[in-house]
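Inside the fold
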Amino acid sequence: MDVARLAGVSQKTVSRVFNEEPYVSAEARKRVLEAAEQLGYRRNNAARALASGRTRSIGVITLGTALYGPASLLMGVERVVRDTGYALRVVNTVEGDPAGLAGAVDSLLDQGVDGIVISEPIDEQGGGAEPLRVDVPVLVIGAPPPPLTSPAVLTAGGGADLMARAATEHLLGLGHVTVHHLAGPQRWFAAQDRLEGWRTTLTAHGRDVPAAVEGDWSAASGYAAGREFARDPEVTAVFAANDDMAIGLIRALTEAGRHVPDDVAVVGFDDIPVAAYVTPPLTTVRQPFDAVAHEGLRRLVHAIENPDADPLPTSAPPIDLVVRASTAPRQAPTGA
């Protein structure tokens with residue numbers, strides 16, 4: 001109706017244009033398409049669905065990566081979407097493509113999805129990105145919402161800073177004077193949150209905040225950082241932003257003769273399946289991927305099916321520090 005009013009034509013004409021039917025003048029077709037563009041409508045399945053109701057499909061935008069965190073979150077979302085009775089449509093983005101998110105949103109809207117999940121862990125937009133116009137509810141997982149307009153913008157999967165605080169508190173509680181940080185790449189929102197949680201905790205306790213060492217999530221980057229940490233006798237505790245880097249770090253420390261946990265205590269993040277079986281078994285923060293997916297999709301489906309209702313309330317994310325043998329009370333220096 002809004003498109004018809006703006007274009008100065010009948011609703012029947014709008015329907016004919018959207019459905020690519022004949023008997024519409026070129027001038028009327030042009031006015032309808034321009035009005036639709038201005039109002040954010042699309043001449044596609046979404047428009048056709050206006051007459052037939054919802055498509056009962058949910059689109060997911062995710063980074064095309066095999067990294068444990070994004071891959072595990074996508075698996076959790078897939079399981080929950082199946083349980084809701086909605087179909088799932090997935091569009092992958094590519095790291096380093098600033099236009100990837102906007103293109104993915106357009107692709108899903110062209111397919112007529114009823115809602116969109118954005119699980120895009122990297123800040124590709126920058127400060128000058130144009131706001132996205134999305135005419136369905138949007139759920140953003142594990143990141144601040146990008147600039148967009150939508151009937152409902154929901155978030156889930158926050159709290160990585162609180163989990164990082166728990167890891168840092170654990171090491172301080174074992175008697176370590178301070179905690180060093182092996183950070184993830186700072187273009188990733190998760191890496192930013194974990195670094196901030198670590199820094200905030202040290203500051204709150206009045207401890208020195210050492211310069212963080214930045215890795216790239218890989219065990220190889222953890223190994224390289226571990227060689228650097230091993231040369232500093234003041235390093236007695238390290239919080240690594242993921243388990244793969246923590247495992248590489250431990251390997252380098254061990255090769256350098258720094259025993260874990262007696263000389264250096266190490267905490268990771270994620271609780272990947274192998275974390276319990278490395279030597280020593282890794283203390284880590286377990287990410288609640290399934291819980292995040294379940295709560296986020298529950299709220300998104302509610303927004304889709306009850307567009308005039310208030311959003312469902314959120315709950316605090318669980319913090320699950322899994323203590324294993326890579327951490328222990330700090331050993332008193334020899335001769336002390």
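Everything in this summary refers to the structure shown in the same document. Note that the coordinates shown come from a computational prediction; the quantities given were computed from them, not determined experimentally. (Residues numbered from 1 in each chain as written. Predicted model: local features only at pLDDT ≥ 70, side-chain atom pairs only at ≥ 80, totals over all residues. Heavy atoms only, no water.)

Time to look at the nonpolar core. Ranked by size, the top nonpolar core spans 26 residues in total, and within it L182, F229, V238, L249, L253, V266 and L282 carry the most contacts. Listing elements by their share of this core, those giving two or more residues are α9 (219-230), β10 (237-240) and α10 (243-255). The residues touching L182, leaving out its near neighbours within four places in the chain, are V213, G215, G222, A225, F229, V238, F239, A240, A241, M245 and L249. (Core = buried A, V, L, I, M, F, W, Y, C linked by side-chain atoms within 4.5 Å. Buried < 20%, exposed > 50% of the residue type's maximum accessible area, 1.4 Å probe, protein only. Helix = DSSP H or I, 4+ residues; strand = E, 2+ residues; numbered from the N terminus. Contact = heavy atoms within 4.5 Å.)

Quick look at the sheet that holds strand β13 (residues 320-322) now. Judged by pairing direction, the sheet is mixed, and its six strands sit side by side in the order β9-β8-β10-β11-β12-β13 without closing on themselves. Across the chains shown, the open sheet's two edge strands, defined by having one partner strand only, are β9 (213-214) and β13. Of the strand pairs in this sheet, strand β11 (residues 265-270) and strand β12 (residues 283-286) are connected by four bridges, and their pairing is parallel. Residue V267 lies in a different strand from β12, and its bridge partner there is T283. Seen against the sheet, helix α7 (residues 160-173) touches β10, β11, β12 and β13 and runs at an angle of roughly 160 degrees to β11. In the packing of α10 onto the sheet, the strands contacted are β8 (180-183), β10, β11 and β12, and the crossing angle to β11 comes to about 160 degrees. (Pairing = 2+ DSSP bridges. Axes fitted to C-alpha atoms, helices over the stretch in contact; angles between N-to-C directions.)

Strand order in this open sheet of five strands is β2-β1-β3-β5-β7, and the pairing throughout is parallel. Both outer strands of the open sheet, β2 (87-93) and β7 (153-156), are each paired with one neighbouring strand and no more. Between one strand and the next, the sheet's axes are offset by a mean angle of 20 degrees, whatever the strand orientation. Against the sheet, helix α5 (residues 68-84) contacts β1 (57-63), β2, β3 (115-119) and β5 (138-141), and its axis sits at roughly 160 degrees relative to β2. Strands β1, β2 and β3 of the sheet are contacted by helix α6 (residues 100-110), whose axis makes an angle of about 155 degrees with β2.

Once that is clear, we can look at α9. In an α-helix, one turn spans 3.6 residues, which is why side chains three or four residues apart end up on the same side. A rise of 1.5 Å per residue sets the reference length of α9, with its twelve residues, at 16 Å; its end C-alpha atoms lie 16 Å apart and thus fit the reference within 8%. When α9 is considered as a whole, its buried residues turn out to be S221, G222, A225, G226, F229 and A230. On the buried face of α9, the contacting elements are β8, β9, β10 and α10. (Expected span 1.5 Å × (residues − 1).)

Let us now look at the pairing of β10. The two faces of β10 match: A237 and F239 on one face and V238 and A240 on the other face are all buried. The pairing of β8 with β10 spans three bridges and is parallel. Opposite L182, over in β10, you have A240 as the bridge partner. Relative to β11, β10 runs parallel, the two being bridged by three bridges. Directly across from V238, in β11, lies its bridge partner V266. One crossover worth recording links β10 to the parallel β11 by way of α10, and it is right-handed. (Right-handed = clockwise from strand over helix to strand, strands pointing away.)

Interpretation in functional terms is not warranted from these geometric data alone.
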